[in-house]
There are 2 protein chains.
Amino acid sequence: MKARVTITLKPGVLDPQGKAIEGALADLGFADVASARQGKVIDLELSATDEAAARAEVGQMCEALLANTVVERYDIAILA
Amino acid sequence: MKARVTITLKPGVLDPQGKAIEGALADLGFADVASARQGKVIDLELSATDEAAARAEVGQMCEALLANTVVERYDIAILA
């Protein structure tokens, strides 16, 4: 079973990487970009076969290691 | 209009960050994880209002700056 965890900064948390991307896109002539924010995505291959169990386990992984829940939020998608 | 770009390593490209995550999850007792791969996600706020135009522009941004297409692939999702 595959799971995708998407981790993004909470609104209001300063994002220097995103600001750097905004600046670089503007320098390249993409005047259309109002804002950019960067997060990360983690693709996991699990041996669990039950979707609910997999989702619960990935939630524990996020809380324990993958996300810093003080400043980040995470979304879990079970892919197959 | 919001766009989300998800950038992941192509299959076969070595992913030391993913390997570190695998090791750390195993150390924490998550024996269920067969593999982990890390990528990044970039959320863009665009002033464009036409979905096709926005998608084309974000594709240009990926080719020019956001993704290293030698080792990475990107997916563009237009959110609203």
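Residues numbered from 1 in each chain as written. Chains lettered and ligands numbered in written order. Predicted model: local features only at pLDDT ≥ 70, side-chain atom pairs only at ≥ 80, totals over all residues. Heavy atoms only, no water.

1. Quick word on helix α1 (residues 16-27) of chain B
Over its 12 residues, α1(B) runs 16 Å from end to end, which matches the ideal 16 Å to within 8%, given 1.5 Å per residue. Burial in α1(B) covers these residues: Gly18(B), Ile21(B), Glu22(B) and Leu25(B). In a view along the axis of α1(B), the buried residues occupy a sector of 100 degrees, so they form one face of it. Residues of α1(B) that are exposed and point over 90 degrees away from its buried face: Pro16(B), Lys19(B), Ala20(B) and Asp27(B). Contacts made by the buried residues of α1(B) are with β2 (33-46) and α2 (51-66) of chain A together with β2 (33-46) of chain B. A positive backbone phi angle near 100 degrees is found at Gly29(B), which sits one or two residues after α1(B). (Helix = DSSP H or I, 4+ residues; strand = E, 2+ residues; numbered from the N terminus. Expected span 1.5 Å × (residues − 1). Buried < 20%, exposed > 50% of the residue type's maximum accessible area, 1.4 Å probe, protein only. Arc of directions from axis to C-beta. Contact = heavy atoms within 4.5 Å.)

2. Some points on the interface of chain A and chain B
Listed per partner, the contact involves 32 residues of chain A and 32 residues of chain B. Taken as a group, Phe30(A), Asp32(A) and Val41(A) account for 22% of the area that chain A buries against chain B, more than any other trio of residues on that side. At the junction of chain A and chain B, the tally comes to zero salt bridges. When residues of the side of chain A that touches chain B are traced back to their parent elements, those giving at least two are β1 (2-9), α1 (16-27), β2 and α2 of chain A. Across the side of chain A that touches chain B, the residue classes break down as 18 nonpolar, seven polar and seven charged. In the sheet, β2(A) pairs with β2(B) via 13 bridges, with the strands oriented antiparallel. Across the sheet, Lys40(A) pairs through a bridge with Lys40(B), a residue of β2(B). (Buried area = accessible area lost by both parts, 1.4 Å probe. Salt bridge = Lys/Arg side-chain N within 4 Å of Asp/Glu carboxyl O. Nonpolar A, V, L, I, M, F, W, Y, C, P; charged D, E, K, R; others polar. Pairing = 2+ DSSP bridges.)

3. Examining the relation of the copies chain A and chain B
For the pair chain A and chain B, the superposition axis carries a translation of 0.0 Å, the fit reaches an RMSD of 0.0 Å, and the rotation angle comes to 180 degrees. When the rotation and shift are considered jointly, the pair of chain copies conforms to a two-fold rotation axis. Of every C-alpha in chain A, the one belonging to Lys40(A) sits nearest the axis of rotation, 2.0 Å from it. Residue by residue, 100% of the interface of chain A is reproduced at the interface of chain B, so both copies engage with the same surface. (Least-squares fit on C-alpha atoms with pLDDT ≥ 70 in both.)

4. Thoughts on the pairing of β2(B)
Strand direction decides the pairing type here: strand β1 (residues 2-9) of chain B and β2(B), joined by six bridges, are antiparallel. Counterpart to Arg4(B) in the pairing with β2(B) is Asp43(B).

5. Some remarks on the packing of α1(A) against helix α2 (residues 51-66) of chain B
Taken N-terminus to C-terminus, the directions of α1(A) and α2(B) make an angle of 105 degrees; their axes are 11 Å apart at the nearest point. With respect to their mutual orientation, α1(A) and α2(B) come out roughly perpendicular. From α1(A), Ile21(A), Ala24(A) and Leu25(A) reach across to α2(B), where they touch Met61(B), Leu65(B) and Leu66(B). Classifying every residue of the contact of α1(A) with α2(B) by side-chain character gives six nonpolar, no polar and no charged. (Axes fitted to C-alpha atoms, helices over the stretch in contact; angles between N-to-C directions. Parallel < 35°, antiparallel > 145°, perpendicular 65-115°, else oblique.)

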